[in-house]
Amino acid sequence: MRPFKQLLRYALGSPLLKKKFGGLATDIAGFKDFSVKIPLTTLEELVAEKMSSGDPYASRLCENGAALVTLQLEYDTETRLYIALSRQDLKRYAEALRRCWSLLGLGKGDGVAIFDYGTSPVSYLASSAFTPYLSQGAADALGCLPICNDGVANMSQRAVEILKFMRPQALFIRSDCLEPFSIESERQLGRLSGYTRALVVTENEGCLPKVEQDAYEKRLGLPVYRLLRIDAGMFLAMECPECRLFHSWKDLYYVESVTRAGDDVDEGGQNYLAITNWFARVCPTVRYLSQVKGSVYSAGCRRGPVDIRIAA
Amino acid sequence: MRKEVEQGRPDGKDTWPEERLRGFQFRKIKRVLGHAYQELPFYRRRFDAAHLHPDSVKSFHDLARVPTFTKKEVLDEMKKKGTFRTGMETFNSADQAVLCMTSGTLGTSFLYLPKRWRSLRGDSLARAYWWGGLRAGMHMLMAAPAWHSLAVQESRVIERLGATCVIPWGTFLPRFAENFLTTLVDTRPDFVSIFLPMLYALLAECRRRRMEARLAFDSVQYLLIVGAPMTPRSREQLKEELGVRDIFEGLGNPEGLTAMECSFHRGHHIFADCCYVEIVDPKTGALLPAGKRGNVVITSLIPYGTLYLRYDSEDLGEILPHACECGRTWPLMEVYDRRTNTVEVAGKEIVPYDVRLCLDDFPELIGVPFAVVRGEKSAPYLKLLIQRPATGDPSGLGARLRALLRQRLQVDAREEWTEELPERWKGVAVIEEKDWGTPRV
C-alpha cells in the first residue's frame, strides 16, 4: 500500500483529521493528488480546535492510539498544545534524531552535549534514559555519551563547565542560548575549537539566519550548523556539513514547499514547509503547514544520496 | 487460584527482620568496597593512604575507617585532571550511558550513569512512587530536567509501574509555573512529582489567575514532593488547599541517597537496597547514634557508573530513633538543611527548619516566607525576617512566636516584618547580614 494511503487510513481515527478530509481519503491516487486534495493544517487551526473542544490534543489524538508520553509543545500560542506518543512513535522520532547525529559524523565513543530543555526533542530523544518508553535514543543507537544542560540562558556557565570537563564532539544549543553562551565561553575558554568540534543551533519552527550563522562561525572559530525542528509535526532535519542544505528522510517524512493557500511551489521557490509525518500514529500529522520558509531540493548529496534536501 | 501480581508491586525487602537486612546490606557494602579498591583509582589511593584493605572491613563499625570526602574533593580532582573522569566511575565506552550533573554553590560535578545503574536505582525508586500511590494506568506529571539524575530514574519508574506521563514545556523554575499549571488543568494527571518550591510557584500562579488551587488539582490524587523539607503542618495545609488524598516527601541526592515517607509520615525510610547512611560528627568524624544530628554520609550500594563511597553530603540530618508504625524495618531519617545553612545562636546550632516548625504553630504563619539573618559571628539572639502575613496582628504574633522559640529552641529571638522577601531558589532561608537587601535567585 502507498504510504499516504496507509497514513490516511489511520489518520481517520483522529477526529480533527476525519472532519477535515474524511470523505476524500479513499480517492487519493498519488502524491500529486494527495497534495491537491488533502487540506493543510495550520497552527492557528490547532489552537482554535483546542480552544473550542477543550481537548489538549486539539482533537488530533487517534482513538486507538496507545499514548504513553504526552509533551507540552514549545509554541507561544494563546493556549498550549500537546502531542502524545506511543513506543513506536518515540522509536521512529528518535531514529530521525539519530540520522541528524549521523549526518554530522557522530559515532561510537563520541560525547554529545545538549544545551536545551529536557522537553525539547533534541534532548528527550537523545537517550532512553531521559524518556519513559523510548527503547533506543540517538545516543544509544550510535554509542555516544550524551549530557544535557537545562535550556535556560543563565545556565551558560554550566554549559561551559560541560565543555571544559567533557570535551564533546558537538554541542547542540538552543538559539536563544547561543549569544549568552558565546559570551561566557569567550570569557572562560577563549576559542571554542579546543573544546568541541561543532555547534548545532536548534529552534522550533525557525532557523538561525545565514548571516548570523556565518558571524558566529567566524567569532567562535568552529563550524556552526543548524537543526530544524517542527515539533507539532514531530519533524527534525539536519544541516549537512557538506552541501549545507537540511537533510530529511523519505521514509519518515513527506516535505512540501507550499504557499499559505496550499499551492505547490516549483523546486527552488521560497515558500513554507508543509510536513507529513509517516510514523506518528497517536497524533498523526498530515500536511502540517509550518512557519518555516523553505524550499525542497532534489536528492544528490554525497553524505546522503537519497535524502530529501531543504533550503530554509 | 493464583492472585495476579499488580504491576510494579514491590517485594518484601522493606519488612525483612533487622538482622537479615543488615546482613544483606553488609554483603552489598563488601561488594562495593572490593569494586572500589580493584577498579577505581580515586578510592584505591584513599584506601592505601589510610592503610586500609577492603578485606579488613569486617563490620559496619569497620566501615567508619574508610575516609569520608566532600564535593570539594571531587571538584578538585576534576580540576586537576581536566576531565569529569575522576576515577570514581567504571567507564566503559561500550555501555549505554548518560552523564548527569549535580549543581550547587561549590560547582558542578558529573555522574556517569550506565543503563545498569538506571535499572537498579530506578527499580529501587519505583518502590517510593508505589508507596506514594502511583499505579499502573495512572497518568503522572513529571518535569524533565534531563541534566539531573532524578529524571533518569523517574523515566524508569514510570515504565516499571506501567504509568503514562505528561511533561510540561520548560524546567522546574518558577517562571515556568504557567506551563506547569496549564498542563495540570489540560491533561488532568492522577499523580504529580514536583519540587516543593515549584509547587509554591504553582500556588502563586493559581492566585494570579484567580483560580482555586483545589480546582487546578482536581484530578490529582497524590503528590510526591522533593527538593526542600516540608513541616507536618504545612503538609496538612497543602493537603487541605489542594484537596489531594496525600502528599509524600522524598529525600535524595544523585550521589546515592534515596529516602521516602510512607503513609504514616513519621520520617523518611532509607532505601536500604541501594544506599547505606551514617551520621557523623562534623568536627571529629565520629559516628553518631540515632537521635543525634550530624552530617549525612552516604554509601551507594550500586557498583556501576560513578560510585560514591562514604560521601559526606554536608547535609545536616539524623537517623530517627523510633521505629515506624507501618511495620517496615528500613530505618527512618530526617534531613534538615545544608550544613552551610546552620546559624549559631547563643552556642546552639539552628537551621531554618527548626524555625519553620515554630512558625507553623501559628495558622497565620503556615507557609509564610521567612529568612534567618546570619551575622559573621555567633549571635546572642536569633534574628528573623518574616513576610507580613495577610491577616493577624504581627506585633501580637511576634510576642507569641518569641515565647515559643525560647521554649522549643532555648534561644531569644527578634523578628522583623517585611512586605516581601527576595526571591530565592530552593527555599534557601538564610540571609547573610552583610548581604542584607541583596536578592539571591
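Thresholds, definitions, all that
- Starting from 1, residues in each chain are numbered consecutively following that chain's sequence as written.
- In the order they appear in the text, chains get letters beginning with A and ligands get numbers beginning with 1.
- With the structure being a predicted model, the display of local features is reserved for residues of pLDDT at least 70 and the display and counting of side-chain atom pairs for 80 or more, all residues being used for whole-chain, interface and lining totals.
- Think of the side-chain values as coming from all heavy atoms in the structure, minus any hydrogens and water.
- Secondary structure elements follow DSSP: runs of H or I of four or more residues count as helices, runs of E of two or more count as strands, with numbering from the N terminus.
- Computation of the radius of gyration draws on C-alpha atoms alone. For the globule rule, the value is 2.2 Å times the number of residues to the power 0.38.
- Methods summary: accessible areas were calculated by the Shrake-Rupley approach with a probe of 1.4 Å, and residue burial reflects only the protein chains presented.
- The positive count covers Lys and Arg only, the negative count covers Asp and Glu only, and His and the chain ends enter neither.
- The atom standing in for a charge is NZ when the residue is Lys, CZ when it is Arg, CG when it is Asp and CD when it is Glu.
- Burial classification: accessible surface area is computed with a 1.4 Å probe over protein chains only, and a residue below 20% of its type maximum counts as buried, one above 50% as exposed, and the rest as partly exposed.
- Residue contacts are defined here by distance: any two heavy atoms, one from each residue, within 4.5 Å place the two residues in contact.
- By disulfide we mean two sulfur atoms from cysteines, separated by a distance within 2.5 Å.
- One speaks of a salt bridge when a side-chain nitrogen belonging to Lys or Arg is within 4 Å of a carboxyl oxygen belonging to Asp or Glu.
- For two strands to pair, DSSP has to find at least two bridges joining them.
- Axis definition: a line fit to C-alpha positions, over the contact stretch in the case of helices; interaxial angles, taken between N-to-C directions, run 0 to 180 degrees.
- Under this definition, polar contacts are N or O atom pairs within 3.5 Å; protein pairs additionally need one hydrogen-donor-capable and one acceptor-capable atom, and for neighbouring residues in sequence, both atoms have to be side-chain atoms.
- Accessible area, probed at 1.4 Å, shrinks when two parts are joined; the buried area is that loss added up over both.
- Polar here means any residue other than Ala, Val, Leu, Ile, Met, Phe, Trp, Tyr, Cys and Pro, which are nonpolar, and Asp, Glu, Lys and Arg, which are charged; Gly is therefore polar.
- Should an angle fall under 35 degrees it is called roughly parallel, over 145 degrees roughly antiparallel, and 65 to 115 degrees roughly perpendicular, with every other angle called oblique.
- Each crossing is labelled by how the near helix is turned from the far one, with a counterclockwise turn of less than a right angle marking it left-handed and a clockwise turn marking it right-handed.
- Cavities and pockets were defined on a 1 Å grid built over protein atoms only: a cavity is a set of grid points that admits a 1.4 Å probe from which the probe cannot escape, a pocket is an open set flanked by protein on both sides within 12 Å along at least five of seven lines, and lining residues are those with an atom within 4 Å of any such point.
- Grid points are joined across faces, edges and corners, and a volume is the space filled by probe spheres set on the points.

Please provide a residue-by-residue account of the overall build of chain A, values included.
Across its full length, chain A carries ten helices and 14 strands. The C-alpha atoms of chain A give 19 Å as radius of gyration, which agrees with the globular expectation for 312 residues (20 Å, within 12%). For chain A, the accessible area works out to roughly 11,000 Å², and carbon and sulfur atoms hold 50% of it. The average position of the 38 basic charges and that of the 36 acidic charges among the side chains of chain A differ by 5 Å.

Requested: an account of the overall build of chain B, with residues and values cited.
A tally of regular secondary structure across chain B gives twelve helices and 19 strands. In terms of C-alpha radius of gyration, chain B reaches 22 Å, essentially the compact-globule figure of 22 Å for 441 residues. C-alpha atoms of chain B, sized along the principal axes, occupy 65 × 60 × 45 Å. Taken over 441 residues, chain B has a buried fraction of 58%. Put simply, of all contacts in chain B between residues at least 6 apart along the chain, 64% involve residues at least 24 apart. Looking at chain B as shown, the accessible area adds up to about 18,900 Å², and 49% of this sits on carbon and sulfur atoms. Of the charged side chains in chain B, 63 are positive and 58 negative, and the gap between their average positions amounts to 4 Å.

Report on the state of the cysteines, specifying residues and quantitative values.
Disulfides are covalent bonds that link the sulfur atoms of two cysteine residues. Applying the stated criterion across every chain, the model contains zero disulfides over all chains. Take B:Cys326: it sits in no disulfide, and the sulfur closest to it among the cysteines is that of B:Cys324, at 3.5 Å.

Could you give an account of the pattern of salt bridges, with specific residues and numbers?
All names here are of chain B. By the definition in use, this model includes 58 salt bridges over all chains. Arg44 is the salt-bridge partner of Asp48, the closest N and O atoms lying 3.6 Å from each other. In this pair, Asp48 and Arg44 are both assigned in helix α2 (residues 41-49), four residues apart and thus about one turn of the helix distant. Asp48 gets classed as partly exposed once you look at its relative accessible area, which sits at 37%. Here Glu205 makes a salt bridge to Arg209, at a shortest N to O gap of 3.1 Å. Glu205 sits in the buried class, given a relative accessible area of 9%.

Any details on the sheet that holds strand β17 (residues 382-387) of chain B? Residues and values, ideally.
Residues and elements named next belong to chain B. As summarised here, the arrangement of the four strands in space is β18-β17-β16-β19, forming an open sheet in which the pairing is mixed. Of all the strands in the sheet, just β18 (413-418) and β19 (430-432) have a single pairing partner and so form its edges. Each strand axis lies, on average, 30 degrees off the axis of its neighbour in the sheet, ignoring direction. Both strand β16 (residues 370-374) and β17 contribute to a ladder of four bridges, which runs antiparallel. From the neighbouring strand, Phe370 faces β17, where its bridge partner is Ile386. Sitting on the sheet, helix α11 (residues 352-359) is in contact with β16, β17 and β19, with an inclination near 135 degrees to β16.

Describe in detail the side chain of A:Glu239, supporting the description with residues and values.
Residue and element names in this part refer to chain A. Mapped onto the elements of the fold, Glu239 is located in strand β9 (residues 235-239). Look at Glu239 and you get buried, because its relative accessible area is 0%. Side chain to side chain, Glu239 and Gln213 meet in a polar contact 2.8 Å long. A distance of 2.9 Å separates a polar side-chain atom of Glu239 from the backbone nitrogen of Arg226. Residue contacts for Glu239: discarding those within four places in its chain leaves Leu103, Gln213, Val224, Tyr225, Arg226, Arg244, Leu245 and Phe246.

Lay out the environment of A:Gly23 with the relevant residues and their values.
Residues and elements named next belong to chain A. Mapped onto the secondary structure, Gly23 falls in the loop between α2 (15-21) and α3 (31-37). Its relative accessible area of 64% is what places Gly23 among the exposed residues. Residues Gly23 and Leu12, spaced eleven residues apart in sequence, show a C-alpha to C-alpha distance of 9.7 Å.

Outline the pairing of strand β4 (residues 111-115) of chain A, supporting the account with residue identities and numerical values.
All names here are of chain A. The buried fraction of β4 amounts to five of the five residues, a majority that puts the element mostly inside the structure. What you see with β4 is no split at all: Gly111, Ala113 and Phe115 on one side and Val112 and Ile114 on the other are buried throughout. As paired elements, β4 and strand β5 (residues 145-149) share five bridges and run parallel to each other. Bridging across to β5, Gly111 finds its partner in Leu145.

Tell me about the interface of chain A and chain B, residues and numbers included.
Listed by partner, the interface residues are 43 residues for chain A and 48 residues for chain B. Taken together, both faces of the contact between chain A and chain B bury some 3,700 Å²; the carbon and sulfur share is 60%. A salt bridge links B:Glu178 to A:Arg80, with the shortest nitrogen-to-oxygen separation between them at 3.4 Å. Where chain A meets chain B, there are 23 residue pairs in polar contact (both at pLDDT 80 or more). Elements that contribute at least two residues to the side of chain A that touches chain B include exactly β2 (69-72), β5 and α8 (156-166) of chain A. Per element, the largest residue contribution to the side of chain A that touches chain B is six residues, and it comes from α8(A). Its residues assigned to classes, the side of chain A that touches chain B comprises 22 nonpolar, ten polar and eleven charged.

Please set out the packing of α8(A) against helix α9 (residues 175-188) of chain A residue by residue, giving values where relevant.
Residue and element names in this part refer to chain A. In contact at an axis separation of 9 Å, α8 and α9 are set at 55 degrees when each is read in the N-to-C sense. What the angle tells us is that α8 and α9 run oblique. Note on packing geometry: the crossing formed by α8 with α9 is right-handed. Touching Ser156, Gln157, Ala159, Val160, Leu163 and Lys164 of α8 are Cys177, Pro180, Phe181, Glu184, Ser185, Arg187 and Gln188, all from α9. Looking at side-chain class alone, the contact of α8 with α9 contains six nonpolar, four polar and three charged residues.

Describe the layout of surface pockets, with residues and values.
Residue and element names in this part refer to chain B. Taken as a whole, the second largest pocket spans an internal volume of roughly 650 Å³. Going through the elements one at a time, α1 (18-39) and β10 (275-280) are the ones with two or more residues in the lining of the second largest pocket. Looking at which element gives the most residues to the lining of the second largest pocket, the answer is β10, with five residues. Residues belonging to the lining of the second largest pocket are distributed by class as follows: 20 nonpolar, three polar and four charged.

Residue-level account of empty space enclosed by the protein, with values.
Under the criterion given, the structure shown has six cavities of 30 Å³ or more. Looking at the largest cavity, the residues that line it are B:Ala143, B:Pro145, B:His148, B:Leu150, B:Ala151, B:Glu154, B:Phe172, B:Phe180, B:Ser193, B:Ile194, B:Phe195 and B:Val226. Secondary structure elements with two or more residues in the lining of the largest cavity: α6 (149-161) and β5 (191-195) of chain B. Residues belonging to the lining of the largest cavity are distributed by class as follows: nine nonpolar, two polar and one charged. Taken as a whole, the second largest cavity holds about 70 Å³ of empty space. Forming the boundary of the second largest cavity are A:Ser127, A:Ser128, A:Ala129, A:Asp140, B:Gln96, B:Ala97, B:Val98, B:Leu113, B:Pro114, B:Lys115 and B:Arg118. Among the elements of the structure, β1 (97-102), β2 (109-114) and α5 (115-131) of chain B are those that each provide at least two residues to the lining of the second largest cavity. Each residue belonging to the lining of the second largest cavity can be placed in one class, and the counts come to five nonpolar, three polar and three charged.

Describe α8(A), listing the residues and the values that go with them.
Among the eleven residues of α8(A), nine are classified as buried, and the element is accordingly described as predominantly covered. Downstream of α8(A) by a residue or two, A:Arg167 has a phi angle that is positive, lying close to 50 degrees.

Go over the side chain of B:Thr342 with me, naming the residues and quoting the values.
As for its position among the elements, B:Thr342 is in the loop between β13 (332-338) and β14 (343-345). Excluding anything up to four places from it in sequence, B:Thr342 contacts B:Leu316, B:Glu349, B:Ile350, B:Val351 and B:Arg374.

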